[in-house]
Amino acid sequence: MLSEKEIKIKAELTGINRLYVECLNQEEAYTYAFYVMKDGKVLEKIWYAASPHTVYWVTEPGLYSVKVFVRNQQGERVSRLSPEITFAGMKPVYCSGTNGNEHWKWLKDIQRVLMEIWTNRARMFRLALYDYQVSNKDSYLGMLWSILNPLIQILTYWFVFGLGIRSGRPVDGHPFLPWMLCGLIPWFFINSALVQGAASIYMKSSTVLRLRFPVATIPMGSVLVAFFNHAVTLGILLVMLLCFGYFPNFYWLNLLYYLFFELVLFTLLAMVTSVLTMIARDFQKLINSLIRLLFYLTPILWTVDRLPAWAQFILKLNPVLYIVDGFRDSLLYQIPFYHHMKRLLFFWCINVGLLVLGCSLQRKYRNKFIDML
């Protein structure tokens, strides 16, 4: 049986403003929650997870303490308050008439959101895996739809565009079907990630938000569900390439970079769009309309050869085309990912901007989500 006297807590300031808290009573069957308090008032609640430690970045001077809750498998719970730690404050940094706290607020938002995701990463992954497994649970064929659905779409597009419009002509010396698949397979993930990411918080709001779930993990969890389906469709793509005589080589390793890039990009987009959907439900309908437009404006089923140079330049600013080109460069044209260095730097700069915007929106509106229902 748990006892408050047995709970031992380690709390200390490390670095400039890093408050590290750890429960020294570590058992595999225990789960831990942390209430970060300043001057006796709760600032942050980090709900039950298997991790016995947490990190909180403090910015305002004051007396900080952490109340640690320990719960065993029988549901018994005890708590212990850590000793108070005095934080004198960060050195002010003045910039254009703005005080240091305001100047670095965006960095504080990023730290808190990323730490919330990292602290709850195991729970987020388990929930995403559960959502993926139950997505087709109510159908007779079950998980088989993860293969059948993309196959039906692939055959439809190949019949219309490959046989109907192009009459089977190859593209740059490559058969149309594998060329088309290198663009269509990443699009399946992009479509799902955009739609599910934008609706992620709203779809779980009735239950998860009322339980004080770590909200920052919800958009990324929805993108992970789409990524699991993406892994299945990648298998279809690789099998089809082998059937057409394309065998693995060094350039296929470039896919690891493009998979990482698309996972980061659409996670950050989901962080932004999920908040915008909570603010205005019309944004979800706008996303659905824009996705259809984006599909036909991106050279997934057609080539840009006949377009003028200025139109090709504009299309290259599209991150979806960057991913599609990356798949084709890796699997067909044998071009390394660092060959297009200017595009690489441009799109990672976009990711940084989305990171700042997404974390700021998450921190600003997370306490207002219940009022938006």
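All figures in this text were calculated on a predicted structure; none of them were measured in a lab.

## Considering the overall build of the chain
Looking only at helices and strands, the chain features 11 helices and eight strands. Counting the 373 residues in the chain, one finds 46% classified as buried. Of all intrachain contacts in the chain linking residues separated by at least 6 positions in sequence, the fraction that spans at least 24 positions is 71%. Of the roughly 20000 Å² that the chain leaves accessible, carbon and sulfur atoms contribute 63%.

## Regarding the confidence of the model for the chain
Close inspection of predicted coordinates is inappropriate for parts of the model with low pLDDT. In this model, the chain carries an average pLDDT of 84, and 90% of its residues clear a pLDDT of 70 or more. Scored below 50 in pLDDT, residues 92-100 makes eight contacts in the model with residues more than four places away or belonging to other chains.

## What to know about the nonpolar core
I154, L184, L237 and F327 are the most contacted members of the largest nonpolar core, which totals 75 residues. For this core, the element with the most residues is helix α5 (residues 176-204), which contributes 16 residues. Counting 19 residues, the second-largest nonpolar core is a separate cluster that includes I9, Y30, Y56 and V78.

## Re a nonpolar patch on the surface
A cluster of nonpolar side chains, contributed by W310, F313, I314, L317, F346 and I350, occupies part of the molecular surface with about 620 Å² of accessible area. Looking at the nonpolar patch, the elements with two or more residues in it are α9 (309-315) and α11 (341-365). Considering every element that reaches the nonpolar patch, the biggest residue donor is α9, with three residues. Position of L317 relative to the elements: it lies in the loop between α9 and α10 (319-333). In this structure L317 comes out as partly exposed when scored by relative accessible area, which is 39%.

## Things to note about the side chain of E262
Relative to the helices and strands, E262 resides in helix α7 (residues 254-279). Buried charge without a salt bridge: E262, with R328 as the nearest opposite-charge side chain at an N-O distance of 13 Å. Among the polar contacts made by the side chain of E262, one reaches the side chain of H230 at a distance of 2.7 Å. Sequence-distant contacts of E262, defined by excluding residues within four places in its chain, comprise P186, F189, F227, H230, I323 and F327.

Rules of the game
Residues numbered from 1 in each chain as written. Predicted model: local features only at pLDDT ≥ 70, side-chain atom pairs only at ≥ 80, totals over all residues. Heavy atoms only, no water. Helix = DSSP H or I, 4+ residues; strand = E, 2+ residues; numbered from the N terminus. Buried < 20%, exposed > 50% of the residue type's maximum accessible area, 1.4 Å probe, protein only. Contact = heavy atoms within 4.5 Å. Areas by Shrake-Rupley, 256 points an atom, 1.4 Å probe, with all protein chains shown as cover. pLDDT = per-residue confidence, 0-100. Core = buried A, V, L, I, M, F, W, Y, C linked by side-chain atoms within 4.5 Å. Patch = residues over 30% accessible without salt bridge, like charges linked within 9 Å, V, L, I, M, F, W, Y side chains within 5 Å. Salt bridge = Lys/Arg side-chain N within 4 Å of Asp/Glu carboxyl O. Lys, Arg positive; Asp, Glu negative; His and termini not counted. Polar contact = N/O pair within 3.5 Å; in protein donor to acceptor, adjacent residues only side chain to side chain.

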